[in-house]
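Each chain, letter by letter, is given below.
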Amino acid sequence: MVTSVTSLGRNGLYDWLIQRVTALILGVYFIFTMGWLMTHSGVDYLTWKAFMGSLCMQIANTLVFFSVSAHAWVGLWTVTTDYITTLQFGSKATFARLTAQLVIALLTLVYLLWGLVMIWGGA
Amino acid sequence: MAIVNDKRPVNLDLTTIKFPVPAIASIIHRITGVGLFVALPILLWMLDRSLASPETFADLKDLLATPLARFVVWGIVAMLIYHLVAGIKHLLMDIGIGETLEGGRRGAFLVLAVSAVLILLAGGWIW
């Protein structure tokens, strides 16, 4: 079994499953939210705020922020390990790939915290 | 990585490789995935402005009425639609539907066609 210290689940099978479970959550959320927006065009602030502030949507948004983070990490890890290799970058490949992955990981963490504070911080 | 045989011919020059439909569908899935990650701060910022106060909500609404903002939103929604449709095909193939060579071609073509229609409809909805 091939393992990697930078992949989210540390092994491919676990990453494979994470990618699919989070995909289902994101797919259902996207279709539901789009449906809500389409049936509430011209929504005013109070209705929107009440909708997003309901416990159901707070939990759904939290699940979605965690799912986006995990999904993006698995996906971008795959992309970086596929395209930032010695074929394209020669001996600097490991350095370039780890740098890219570090930037992506930090951005993902910042977005996750931003989203959570927004939903739960009562901003 | 073990070096099996250095003399094997390797061609990974993307400019000389012919891309069949499933390869095109797959690479767009990847490109839209990366694009959505880049667009993430825009979506978070819009959600933040829409919830912060009635004033920021009104400001965002005014901004979203401009053609440029609508185009950006349409672009993000288009990437979401494509990524979702291609993702559904992925899950269907995972459970064994359309796994043959012909099924793969047909599925990839369907993904391109269905998402193109949905993206046009979304454009009509945004405008």
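The structure displayed is predicted, hence computed values, not measured ones.

The rules behind the values
- Residues numbered from 1 in each chain as written.
- Chains lettered and ligands numbered in written order.
- Predicted model: local features only at pLDDT ≥ 70, side-chain atom pairs only at ≥ 80, totals over all residues.
- Heavy atoms only, no water.
- Contact = heavy atoms within 4.5 Å.
- Buried area = accessible area lost by both parts, 1.4 Å probe.
- Salt bridge = Lys/Arg side-chain N within 4 Å of Asp/Glu carboxyl O.
- Helix = DSSP H or I, 4+ residues; strand = E, 2+ residues; numbered from the N terminus.
- Expected span 1.5 Å × (residues − 1).
- Buried < 20%, exposed > 50% of the residue type's maximum accessible area, 1.4 Å probe, protein only.
- Core = buried A, V, L, I, M, F, W, Y, C linked by side-chain atoms within 4.5 Å.
- Axes fitted to C-alpha atoms, helices over the stretch in contact; angles between N-to-C directions.
- Parallel < 35°, antiparallel > 145°, perpendicular 65-115°, else oblique.
- Left-handed = near helix turned anticlockwise from the far one by under 90°.
- Nonpolar A, V, L, I, M, F, W, Y, C, P; charged D, E, K, R; others polar.
- Domains from an automatic or database assignment.
- Polar contact = N/O pair within 3.5 Å; in protein donor to acceptor, adjacent residues only side chain to side chain.

Caption draft 1: Expanded view of the interface of chain B and chain A. Across the boundary between the two partners, chain B contributes 27 residues, which contact 35 residues of chain A. For the pair chain B and chain A, the two sides together bury roughly 2700 Å², of which 78% comes from carbon and sulfur. Summed over the three residues of chain B that lose the most area to chain A, namely Arg30, Phe37 and Leu51 of chain B, the buried surface amounts to 26% of that side. Counting the contacts that link chain B with chain A gives two salt bridges. For Asp82 of chain A, the salt bridge identified is with Arg30 of chain B, shortest N-O distance 2.8 Å.

Caption draft 2: Quick look at helix α5 (residues 93-120) of chain A. Look at α5 of chain A: 40 Å from first C-alpha to last across 28 residues, which is about the 40 Å you get at 1.5 Å a residue. Ala93, Arg97, Gln101, Ile104, Thr108, Tyr111, Leu112, Gly115, Leu116, Met118 and Ile119 of chain A are the residues of α5 of chain A that are buried. Those residues of α5 of chain A that are buried are in contact with α3 (55-83) and α4 (86-89) of chain A together with α1 (21-52) of chain B.

Caption draft 3: Main features of the nonpolar core. Core analysis: the largest hydrophobic core is formed by 27 residues, its most contacted members being Trp48, Phe51, Met52 and Phe65 of chain A together with Phe37 and Leu47 of chain B. Listed by contribution, the elements that provide at least two residues to this core are α1 (12-39), α2 (45-53), α3 and α5 of chain A together with α1 of chain B. Element by element, the count of residues in this core is highest for α3 of chain A, at seven residues. Not counting the four nearest positions on each side in its chain, Phe51 of chain A is found in contact with Phe32, Trp36 and Met57 of chain A. Residues Phe30 of chain A together with Ala25, Val77 and Ile126 of chain B belong to the second largest nonpolar core, which totals 14 residues.

Caption draft 4: Up close: the packing of α5 of chain A against α1 of chain B. Packing of α5 of chain A against α1 of chain B leaves a shortest axis separation of 11 Å and a crossing angle of 15°. Of the possible angle classes, the one that applies to α5 of chain A and α1 of chain B is roughly parallel. Handedness of the crossing formed by α5 of chain A with α1 of chain B: left-handed. Mapping the contact onto sequence places Ile104, Leu107, Thr108, Tyr111, Trp114, Gly115, Met118 and Ile119 of chain A in α5 of chain A and Phe37, Leu40, Pro41, Leu44, Trp45, Leu47 and Asp48 of chain B in α1 of chain B. Class assignment for the residues of the contact of α5 of chain A with α1 of chain B results in twelve nonpolar, two polar and one charged.

Caption draft 5: Layout of the domain arrangement of chain B. Residue and element names in this part refer to chain B. Along its sequence, chain B is organised into domain 1 (34-65) and domain 2 (67-127). Here the C-alpha centre of domain 2 lies 24 Å away from the C-alpha centre of domain 1. Tallying the contact residues gives nine residues for domain 1 and eight residues for domain 2. Together domain 1 and domain 2 conceal approximately 720 Å² of surface at their shared face, both sides included; 82% is due to carbon and sulfur atoms. On the domain 1 side of the contact with domain 2, Leu36, Leu64 and Ala65 bury the most area, a combined 58% of that side's loss. One can count zero salt bridges joining domain 1 with domain 2. For the pair domain 1 and domain 2, the number of links is one residue pair in polar contact (both at pLDDT 80 or more). Top element by residues in the side of domain 1 that touches domain 2 is α1. It accounts for six residues. Taken together, the residues of the side of domain 1 that touches domain 2 break down into eight nonpolar, one polar and no charged.

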